[in-house]
Amino acid sequence: MANFDSVESAREFFYKDKYAVMTGVTLDELTEDEAICSLEITDDHRNAYGGVMGGVMFTLADFAFAVLSNQIHQLTVAQQVDIHYLSAPKGEKLFAKATCRKSGRTSSIINVDISDDTGRDVAQFIGTGFKL
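Computed from a predicted structure; not experimentally measured.

Enquirer: Would you mind going over helix α3 (residues 54-72) in detail, with residue names and values included?
Expert: The terminal C-alpha atoms of α3, which comprises 19 residues, lie 27 Å apart, in line with the 27 Å expected from a rise of 1.5 Å per residue. Within α3, 15 of the 19 residues are buried, which leaves it mostly tucked inside the rest of the structure.

Okay, structure coming up:
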């Protein structure tokens, strides 16, 4: 059962996630079993070498995880997360697609695949959500 009746109501709720919003993360799509978020890459997201900072990608993935896990069950908090950086982004926009791998009585497992607008796989995030 979905906790948000529309993507607009989820956006309104998660607009209070000030750090992600300030970073530029947006919620693009939300269904009962999938969330898609994105971020336009700017110079503010780059490290000293000119690459996109890992924390930016983590923030995007964590936001997508939070949206989907709380769509499945409110209130869910992150219990354990893991991220693997696969490739440096080459495009101008990042996308995070969160899907539910398992939703149990007390926890959920959410996979978040991050890619850029060239189709390059950038990172894989796996989160365990604890249902309060």
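Enquirer: Describe in detail the sheet that holds strand β3 (residues 76-85), supporting the description with residues and values.
Expert: Ordered by their spatial adjacency, 6 strands build an open sheet running β1-β2-β4-β5-β6-β3, and the pairing between neighbours is antiparallel. The sheet is open, and its two edges are formed by β1 (26-30) and β3, each paired on a single side. Looking at each pair of strands side by side, their axes are set apart by 20° on average, direction ignored. Across 9 bridges, β3 lies against strand β6 (residues 121-131) in antiparallel orientation. By the bridge assignment for β6, Tyr-85 is matched with Ala-123. Its contacts with the sheet put α3 on β1, β2 (34-40), β3, β4 (93-103), β5 (107-116) and β6, and the angle it makes with β4 is roughly 40°.

Enquirer: Hey, could you go over a nonpolar patch on the surface for me, with residue numbers and the actual values?
Expert: A cluster of nonpolar side chains, namely Leu-75, Val-77, Phe-130 and Leu-132, defines an oily patch on the protein surface of about 340 Å² accessible area. Relative to the assigned elements, Phe-130 resides in strand β6.

Enquirer: I'd like to hear about the pairing of β6, residue by residue, with values.
Expert: Note: β5 against β6, 9 bridges, orientation antiparallel. Looking at the pairing, Ile-114 lines up with Ala-123 of β6. Once β5 ends, the chain turns through 4 residues before running back antiparallel as β6, passing Gly-119 with a positive phi of about 95°.

Enquirer: Outline the packing of aromatic side chains, listing residues and values.
Expert: Considering all chains together, one arrives at 6 aromatic pairs under this definition. Considering the side-chain rings of Phe-4 and Phe-13, the 5.6 Å spacing of their centres and the 45° angle between planes classify their relative orientation as tilted. Accessibility expressed as a relative area gives 35% for Phe-13, which makes it partly exposed. Seen in terms of ring centroids, Phe-13 and Phe-14 are 5.0 Å apart; in terms of plane orientation they differ by 85°. Their pairing is edge-to-face. Through pairs of rings, three or more aromatic residues link up here, namely Phe-4, Phe-13, Phe-14 and Phe-63.

Thresholds, definitions, all that
- Residues numbered from 1 in each chain as written.
- Predicted model: local features only at pLDDT ≥ 70, side-chain atom pairs only at ≥ 80, totals over all residues.
- Heavy atoms only, no water.
- Helix = DSSP H or I, 4+ residues; strand = E, 2+ residues; numbered from the N terminus.
- Expected span 1.5 Å × (residues − 1).
- Buried < 20%, exposed > 50% of the residue type's maximum accessible area, 1.4 Å probe, protein only.
- Pairing = 2+ DSSP bridges.
- Axes fitted to C-alpha atoms, helices over the stretch in contact; angles between N-to-C directions.
- Contact = heavy atoms within 4.5 Å.
- Patch = residues over 30% accessible without salt bridge, like charges linked within 9 Å, V, L, I, M, F, W, Y side chains within 5 Å.
- Areas by Shrake-Rupley, 256 points an atom, 1.4 Å probe, with all protein chains shown as cover.
- Salt bridge = Lys/Arg side-chain N within 4 Å of Asp/Glu carboxyl O.
- Phe/Tyr/Trp six-rings, centres within 6.5 Å; stacked < 30°, edge-to-face > 60°.

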